[in-house]
Amino acid sequence: MHAFTPGQIGRLEIENRFVRAATSETMATDSGAVTPALIELHQTLAANGVGLSLLGHAFVCPGGQSLPNQTGIHDDAMIPGLAQLTDAVHNAGGRIFAQLAHAGNQGGMPGLAQLAPSSVANALTGSVAEPARNDEIEEVVDAFGTAAARAVDAGFDGIHIHAANGYLISSFSSPHSNTRSDRWGGDAERRSLLLARVYQSIREAVGPDFPVTAKVGMVDEVDNGLLLAESVERVRTLAGLGLDGVEVSVGLMATGADSCHKYVAVDGRRALADHLYHRMFSPPSSEAYFEPFARAVREAVPDLTLLLVGGIRTTETVERVLAERSCDFVCLARPLIREPDVVAQIKAGRRGRLDCTSCNLCLENEGTHPLQCWRTPRVRLLHAAAAHLRRRIHGGVH
């Protein structure tokens, strides 16, 4: 199976083509420090054959935090815990990148001043912030570079920049949310500046040979938003600067499901087996829904390493997207939440559909509960219902 051949990201060899996509873990302390639960999560994935783990979005400065109990890489005090995490992954035979992020005005932390390119309501949360000053933007650029240096000190194998899903960098990239007319906005080239500067800051911090990749929002799910052609040119520019790889995703989101479609490949039989009775007579959502973005990048930048996330739910699709060179690495997020050992199962001969039904209960509870599948064991469905009711009573998102 081609998925179990080694692959390269920059000069780093990865044992196979399976990547654990970065997913909010809600497993840090209140200060953002690593916990034993976070270490166990990534160690388990590595021990079960995941070639590369991407740490869930780690905030690079206090103002960039998105959720409670989010992992931080904003302070040197975080380094010892992060080093324990990378040691555990390496000892289990895996590799791990630190995903660096700033939430912008899509954060959910009370009392933190939010940052945005313009006074445009966040498409997902409705939050409005004052336009960022030049000095505030430069501070963010520096924060990414300093955080990358901490990642090197902590033993990470690479850096993954979060420039998608409505967070700060993707908000600067979008004509919907960035209405500036200064050096940071006004046309496609200037909307690209923040991501380019963040990349350059990171590259200066880690050196020329350290792997640096990015998750890039290619298209917005809002009116008057970012279009694919602009994003492809943005990726081409980044590749010219030396970026080692790109994971394609969505930019601004109107709903949380825009970045993680629900009920992928769930037919009537699967819906019945997983108690999704409302889906029994509905057509399944399509697999590999970001594949067109990856193909557009492949055509424009043929030699750039591509990571494909988004609704890959069968071993047949894993093999197809690799064989057709739609991507070089397959990223799994929700399937590895439900079945942390699924890569080991596939290596042992398992074929067909993975168990995850993309119900998104795991994502609906981020920021309030540690990352887990809420469908196994079945009793967790009752806990999920109780959590949903509490959110409705308190009127919050989480």
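Shown above is the structure to which this text applies.
In this report, we go over the structure that sits alongside the text. (Residues numbered from 1 in each chain as written. Predicted model: local features only at pLDDT ≥ 70, side-chain atom pairs only at ≥ 80, totals over all residues. Heavy atoms only, no water.)

## Quick look at the nonpolar core
Inference 1: Grouped together as the largest cluster of nonpolar side chains are 116 residues, with contacts concentrated most on Leu-100, Ile-159, Ile-161 and Ile-202.
Inference 2: A total of eight residues in this core trace back to one element, the largest contributor, which is helix α3 (residues 134-153).
Inference 3: With sequence-adjacent residues up to four places away left out, Ile-202 is seen in contact with Leu-100, Phe-144, Gly-145, Ala-148, Ile-159, Ile-161 and Val-212. (Core = buried A, V, L, I, M, F, W, Y, C linked by side-chain atoms within 4.5 Å. Buried < 20%, exposed > 50% of the residue type's maximum accessible area, 1.4 Å probe, protein only. Helix = DSSP H or I, 4+ residues; strand = E, 2+ residues; numbered from the N terminus. Contact = heavy atoms within 4.5 Å.)

## Regarding the sheet that holds strand β7 (residues 212-219)
Inference 1: Taken in spatial order, the eight strands of this closed barrel run β3-β4-β5-β6-β7-β8-β9-β10, and their pairing is parallel. Each neighbouring strand pair of the sheet contributes to a mean axis angle of 30°, computed without reference to strand direction.
Inference 2: When strand β3 (residues 18-20) meets strand β10 (residues 329-332), the two strands line up parallel, connected through three bridges. Considered in β10, the bridge of Phe-18 is made with Val-330.
Inference 3: The sheet strands contacting α3 are β5 (95-101) and β6 (158-163), and the helix crosses β5 at an angle near 160°.
Inference 4: Across the face of the sheet, helix α7 (residues 228-241) comes into contact with β7 and β8 (245-250) while running at roughly 165° to β7. (Pairing = 2+ DSSP bridges. Axes fitted to C-alpha atoms, helices over the stretch in contact; angles between N-to-C directions.)

## Thoughts on the packing of aromatic side chains
Inference 1: Following the criterion strictly, the structure yields three aromatic pairs and no others.
Inference 2: Judged by centre distance (5.3 Å) and plane angle (50°), the rings of Phe-4 and Phe-18 are tilted. One end of the pair, Phe-4, is in the segment before β1 (7-9); the other, Phe-18, is in strand β3, and 14 residues separate them in sequence.
Inference 3: You can call Phe-18 buried: its relative accessible area is 2%.
Inference 4: On the basis of an interplanar angle of 80° and a centroid distance of 4.8 Å, the ring pair of Tyr-289 and Phe-290 is categorised as edge-to-face.
Inference 5: Accessibility expressed as a relative area gives 3% for Phe-290, which makes it buried. (Phe/Tyr/Trp six-rings, centres within 6.5 Å; stacked < 30°, edge-to-face > 60°.)

## Concerning the pairing of strand β9 (residues 305-308)
Inference 1: In β9, alternate side chains face the same way, and those of Thr-305 and Leu-307 on one face and Leu-306 and Leu-308 on the other are all buried.
Inference 2: For β8 and β9, the ladder comprises four bridges, and the chain directions are parallel. Paired with Val-246 across the bridge in β9 is Leu-306.
Inference 3: Bridge count for β9 against β10 is two bridges, and the pairing is parallel. Across the sheet, Leu-307 pairs through a bridge with Phe-329, a residue of β10.
Inference 4: Handedness of the crossover joining β9 and β10 through helix α10 (residues 315-323): right-handed. (Right-handed = clockwise from strand over helix to strand, strands pointing away.)

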